[in-house]
Amino acid sequence: MPELPDVQVFKEYFDATALHQKVAAIEKCRHDLLHGISANRLGEALQGHPFTTTIRHGKWLFARAGEDGWLVLHFGMTGTLRYYEKEDKAPGHIRMLLRFENGYRLAFDCTRKLGRISFAESVEKFIEEHDLGPDALEVAGDAEKLTEMLQGKRGSIKSALMDQSLLAGIGNIYSDEILFVAGVRPQDKVPDLWGKQRREIARAMEEVLRGAIDCRVGEKGWPGGKWLVPHREDGEKCPRCGGRIKKEKISGRSSYFCRDHQG
DNA sequence: ACGCTTCCCTGGAGGC
DNA sequence: TGCCTCCAGGGAAGCG
């Protein structure tokens, strides 16, 4: 379930490993995960260039390869990165594999094949073409900005937070978590929210996203305490108020919220 | 035009 | 034990 905080951790992992390494070869690349470019062309574009910088926007990771453009990765639900030297460290579902001149490899591992591999000449153009809104961290903490982007929305606040064209980076897990912290029901309709609730959501967005990045949730799991995630089960006890956690489908996704302190 | 549903994909869990 | 179905949830396509 890599969402914004998890992809941020992948970016930091990439920066600490593959960045500045020169690509010797692309050793493997599943064509069914590739979009808009062939494996051969991608290989040509990457080979001989070092990665010079990375950018994360929402759930997308961009790695600049030479002067030609950017390797673009989306982690779907089960995607992850692994940088290794010894073959016994290789993960089990490699969909793309780069070999560097230093002998190390970077594997893009993705069990359920819902990830994406692509190549872009410009990050800005890619964001525009894929109709991505501003990164959720830019909106976090800013109630005015949030209010502005919710303008005209009639559906539930949960689907609005998950709408990548409104703001990029929040998925099912984090939308629930943000609304849990904000004390707002996920199924509440956007036009029915009070100003105070929108302010709480903006504030919770910052707390949850930054908190998850800071404790590197993607690598280390969820720490104990007041997170909803470890309690995502119907009938569980709410870690904040002791109330009951309820499961409900909202626009096709399983949602969990506290019956008592939310709403 | 918008929002909801369905589909893709794989592996783990649970039922019988 | 083995088989079947369901569920997880990214994005995109389809539908009303």
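Refer to the structure printed above.
What counts and how
- Residues numbered from 1 in each chain as written.
- Chains lettered and ligands numbered in written order.
- Predicted model: local features only at pLDDT ≥ 70, side-chain atom pairs only at ≥ 80, totals over all residues.
- Heavy atoms only, no water.
- Phe/Tyr/Trp six-rings, centres within 6.5 Å; stacked < 30°, edge-to-face > 60°.
- Helix = DSSP H or I, 4+ residues; strand = E, 2+ residues; numbered from the N terminus.
- Buried < 20%, exposed > 50% of the residue type's maximum accessible area, 1.4 Å probe, protein only.
- Near = heavy atom within 4 Å.
- Polar contact = N/O pair within 3.5 Å; in protein donor to acceptor, adjacent residues only side chain to side chain.
- Nonpolar A, V, L, I, M, F, W, Y, C, P; charged D, E, K, R; others polar.
- Disulfide = S-S within 2.5 Å.
- Pairing = 2+ DSSP bridges.
- Contact = heavy atoms within 4.5 Å.
- Axes fitted to C-alpha atoms, helices over the stretch in contact; angles between N-to-C directions.

Draft legend 1. How the structure looks around the packing of aromatic side chains. Per the stated rule, a full pass over the model turns up eight aromatic pairs. Their ring planes at 70 degrees and their centres at 5.0 Å tell us that W60 and F126 sit as a pair that is edge-to-face. Of the two residues, W60 sits in strand β4 (residues 60–65) while F126 sits in helix α3 (residues 123–129), which places them 66 residues apart along the sequence. Classification of W60 by relative accessible area gives buried; the value is 12%. For F126, a relative accessible area of 4% translates into the label buried. Seen from their ring centres, Y83 and F100 are 6.0 Å apart, and the 45 degrees between their planes marks the pair as tilted.

Draft legend 2. Expanded view of the protein's contact with DNA strand C. Lining the immediate environment of DNA strand C, one finds 19 residues, of which R112, L114, N172, R253 and S254 sit closest. The share of sugar and phosphate among atoms of DNA strand C within 4 Å of the protein is 60%. In this structure, a phosphate oxygen belonging to DNA strand C sits 2.9 Å away from a side-chain N or O atom of K247. Measuring from a phosphate oxygen of DNA strand C, one finds a side-chain N or O atom of K249 at 3.4 Å. Within the residue set of the surface near DNA strand C, elements represented by two or more residues are α7 (172–182), β10 (245–250) and β11 (253–258). By residue class, the composition of the surface near DNA strand C is four nonpolar, seven polar and eight charged.

Draft legend 3. Just the state of the cysteines, in detail. In this structure the tally under the stated criterion is zero disulfides. Free cysteine C110: the closest other cysteine sulfur is in C29, separated by 12 Å. Here C238 stays free of any disulfide, with the sulfur of C258 as its closest cysteine sulfur at 3.7 Å. The buried category is assigned to C238, whose relative accessible area is 4%.

Draft legend 4. Molecular detail of the sheet that holds strand β3 (residues 51–57). The strand order across the open sheet built from five strands is β2-β9-β5-β4-β3, with neighbouring strands paired in mixed fashion. A single partner strand is all that each edge strand has here, and the edge strands are β2 (34–35) and β3. Lying on the sheet, helix α2 (residues 39–46) is in contact with β2, β3, β4, β5 (69–74) and β9 (116–120); it crosses β9 at an angle near 55 degrees.

Draft legend 5. Just the sheet that holds strand β1 (residues 23–29), in detail. Spatial ordering of the open sheet is given by β1-β7-β8-β6, a layout of four strands whose pairing is antiparallel. The strands lining the two open edges of the sheet, one partner per strand, are β1 and β6 (79–84). Mean inter-strand twist for the sheet, computed between neighbouring axes without regard to direction, equals 15 degrees. One ladder, built from five bridges, connects strand β7 (residues 94–100) with strand β8 (residues 105–110); its direction is antiparallel. Its bridge partner lying in β8, L97 is registered against A107.

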